[in-house]
2 protein chains.
Amino acid sequence: MRTVFTTDPFRMSFLFFLFYLYSGDNFETLIGLDEKSAQAFRVKETMHQVAVRLSKEVEQALLLEAPVSGISQDETGVTVKSTKGDWQAKYAIVAVLLPLSARINYSPWLPPTRDILTQDMPMGSLIKCLVAYDKPFWRGRGLNGITWSDGPPTAGVFDISPDDGRIGILAGFIEAHNAIHLTGHPMAERKKVMTDYMVSFFGPDAANPIDYEDQDWPADPWSRGCYGASMGPGVMTTVAKTIREPFGRIHWAGSETSSRWMGYIDGAMRSGERCADEVRARLQRS
Amino acid sequence: MRTVFTTDPFRMSFLFFLFYLYSGDNFETLIGLDEKSAQAFRVKETMHQVAVRLSKEVEQALLLEAPVSGISQDETGVTVKSTKGDWQAKYAIVAVLLPLSARINYSPWLPPTRDILTQDMPMGSLIKCLVAYDKPFWRGRGLNGITWSDGPPTAGVFDISPDDGRIGILAGFIEAHNAIHLTGHPMAERKKVMTDYMVSFFGPDAANPIDYEDQDWPADPWSRGCYGASMGPGVMTTVAKTIREPFGRIHWAGSETSSRWMGYIDGAMRSGERCADEVRARLQRS
């Protein structure tokens, strides 16, 4: 539960849990490690490169590092206010993480049921840690570099070294209350905690990593958590229906809004396609 | 539970529930109706008059209808950005409702554990309804005008008519999922629902109120809920400790931050006194 949802199981709606399973086919595809699983693939040169390369195609249309502070709308269109100027359009698609979408000032105001959803669907907590060694020394001992444990600090570690083994990298995921405990602290503190953990599984060879990096997602002001947002009890049956409901000329994208592979990159892309379809249909009608 | 917390019981942390009981002495004082109870007193001319009259004493220092969009701070002081200009001071006290406090832009950014608290402590939902009749007709029949029920639409109704009975007023509280169901709808719809409810308890004389008013708190953009915010499981033991922890030169007031009578006006006033003490002590030291 902590691994997939990055929140503690006692905070989760069972109905939301079932929806999430259905969204990702079933429990095996969500959590399994075989080739049919959502966890089976890694992208060479990191997933980030996919975003960077795709962005080349639309470079002219992208305005980066221009946070949006407000969106106003009337019967003719929307005005989006950013730190790099105002922008006018017929429609807007908001793709920020759902809890953060309420930190934009809307005029007119968000409908209350939508605002309640943003309050009732907090981000999970995750710190992703990479511990690097000069070699994947565990491989020579017949170990696959995977750990599962109750934590703290982590529920699981994976070997993400390059296939040729020119360097060894173990990826650890500090989740849920363990992440809340360590977020905002100096990275050196997490390096020590994670290195100690590696030693406890892989022995003294793990004691001296050549490098350590982590991404403290709750401390990132444009994410404030990771991987995604989830719903506690009583949300699915009340305000959840507003998750994809356009607010006037504003449409909602983002992985949380996808009914297929919610919380995954796949879901994020589907949500973009859905919003593009919605807006295209309205443009054709008008 | 719905009456006091305006949220559904399955969303509540038991530890938070126990803290709340302790904060308000005990269950009897919180929920009871006798003279020792928090519910025992009403203020003539409404509670709102207390705020209006107190504000007269500090009228020169009040700037109303000037929403704050950002607070920046450095080693010398704070700058508060509002729609009516920027304001500089040594310290700032933020007294908006806790979940809404994250909708202000802070520079530097809020610490992550504080941000998580704002995500993990959503407002309860309440619509307060007043149904007026030319006379408190129920009194002549030996009825006290109080109802308790499982709802919908309301868990309870109280007789808030003036003592002299020159007019009859029943106050109803639409709470938790019942409020979520009716928030944002036209007031006429809630008038019908509440009038039908009154008829079901008080008979056909209740069918024709002379007036109806309600306050749809979740639809109020500066409240987004009522009476206050509460914590689900796992919040008290993780990020709750940041609730009164100053963030640099910013201090946190508001009824949710009070360890005595949290959620009540009493708690709000105590939190104001605590913040005034905190800031005064820092001013004297500097």
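Residues numbered from 1 in each chain as written. Chains lettered and ligands numbered in written order. Predicted model: local features only at pLDDT ≥ 70, side-chain atom pairs only at ≥ 80, totals over all residues. Heavy atoms only, no water.

### Notes on the overall build of chain A
And then number 1: Per the secondary structure count, chain A includes eight helices and eleven strands.
And then number 2: For chain A, the C-alpha radius of gyration of 21 Å lies close to 19 Å, the compact-globule estimate for 286 residues.
And then number 3: The principal-axis extents of the C-alpha atoms in chain A amount to approximately 65 × 45 × 35 Å.
And then number 4: Partitioning the contacts of chain A with sequence separation of at least 6, the portion at a separation of at least 24 is 63%.
And then number 5: A total of about 14800 Å² of accessible surface is found on chain A, and carbon and sulfur atoms cover 57% of it.
And then number 6: For chain A, the centre of its 30 positive side-chain charges and the centre of its 34 negative side-chain charges are spaced 3 Å apart. (Helix = DSSP H or I, 4+ residues; strand = E, 2+ residues; numbered from the N terminus. Rg over C-alpha atoms; globule rule 2.2 N^0.38 Å. Contact = heavy atoms within 4.5 Å. Areas by Shrake-Rupley, 256 points an atom, 1.4 Å probe, with all protein chains shown as cover. Lys, Arg positive; Asp, Glu negative; His and termini not counted. Charge placed at Lys NZ, Arg CZ, Asp CG, Glu CD.)

### Considering the sheet that holds strand S7 (residues 147-148) of chain B
Residues and elements named next belong to chain B.
And then number 1: Taken together, the five strands give an open sheet; going across it, the order is S7-S8-S9-S6-S10, and neighbouring strands pair in antiparallel fashion. A strand with exactly one partner marks an edge of an open sheet, and here the two such strands are S7 and strand S10 (211-216).
And then number 2: Bridge count for strand S8 (residues 156-159) against strand S9 (residues 168-175) is four bridges, and the pairing is antiparallel. Residue aspartate 159 lies in a different strand from S9, and its bridge partner there is leucine 170.
And then number 3: Helix-sheet contacts for helix H7 (residues 187-202) involve strand S6 (126-133), S7, S8, S9 and S10, and the interaxial angle to S10 is about 115°. (Pairing = 2+ DSSP bridges. Axes fitted to C-alpha atoms, helices over the stretch in contact; angles between N-to-C directions.)

### Looking at the relation of the copies chain A and chain B
Mapping one chain copy onto the other needs a rotation about an axis and a shift along that axis.
And then number 1: Least-squares fitting of chain A to chain B yields an RMSD of 0.0 Å, with the superposition described by an axial translation of 0.0 Å and a rotation of 180°. The transformation relating the two chain copies, once decomposed into turn and shift, fits a two-fold axis. Residue Arg103(A) of chain A places its C-alpha closer to the rotation axis than any other residue of that unit, at 2.3 Å.
And then number 2: Of the residues that chain A buries at the interface, 100% are likewise interface residues in chain B, meaning the two copies contact each other through the same surface. (Least-squares fit on C-alpha atoms with pLDDT ≥ 70 in both.)

### Examining the interface of chain A and chain B
Buried accessible area, meaning the area lost when the parts come together, often serves as the stated size of an interface.
And then number 1: Taken together, the contact between chain A and chain B spans 32 residues of the former and 32 residues of the latter.
And then number 2: Interface area for chain A against chain B, summed over the two sides, is near 2700 Å², with a carbon-plus-sulfur share of 59%.
And then number 3: The largest per-residue losses of area from chain A upon contact with chain B belong to Arg103(A), Gln119(A) and Arg224(A), which jointly make up 25% of the total buried on that side.
And then number 4: Put simply, Asp115(A) and Arg224(B) hold a salt bridge, and the shortest N to O gap is 2.9 Å.
And then number 5: Applying the counting rule to chain A against chain B returns twelve residue pairs in polar contact (both at pLDDT 80 or more).
And then number 6: Elements represented by at least two residues in the side of chain A that touches chain B include exactly helix H5 (112-120) and helix H6 (176-182) of chain A.
And then number 7: Sorting elements by how many residues they give to the side of chain A that touches chain B places H5(A) first, with seven residues. (Buried area = accessible area lost by both parts, 1.4 Å probe. Salt bridge = Lys/Arg side-chain N within 4 Å of Asp/Glu carboxyl O. Polar contact = N/O pair within 3.5 Å; in protein donor to acceptor, adjacent residues only side chain to side chain.)

### Observations concerning the pairing of strand S2 (residues 78-82) of chain B
Residues and elements named next belong to chain B.
And then number 1: Side chains of S2 alternate between two faces, with Val78, Val80 and Ser82 buried and Thr79 and Lys81 left unburied.
And then number 2: Pairing of strand S1 (residues 68-73) with S2 involves five bridges; the strand directions are antiparallel. Among the inter-strand pairings, isoleucine 71 is bridged to a residue of S2, identified as valine 80.
And then number 3: Between the antiparallel neighbours S1 and S2 lie four residues.
And then number 4: What sits between S2 and strand S3 (residues 85-89) in their antiparallel hairpin is a turn of two residues. (Buried < 20%, exposed > 50% of the residue type's maximum accessible area, 1.4 Å probe, protein only.)

### Digging into unusual backbone geometry
And then number 1: Residue Tyr227(A) is bonded to the preceding Cys226(A) through a cis peptide linkage, with omega at -10°.
And then number 2: Along the chain, the position of Tyr227(A) falls in the loop between strand S10 (211-216) and strand S11 (250-252).
And then number 3: Between Ser107(B) and the following residue, Pro108(B), the backbone shows a cis peptide bond with an omega angle of -5°.
And then number 4: Relative to the helices and strands, Pro108(B) resides in the loop between strand S5 (105-107) and helix H5 (112-120).
And then number 5: Despite not being glycine, Trp261(A) has its phi angle at roughly 50°, a positive value.

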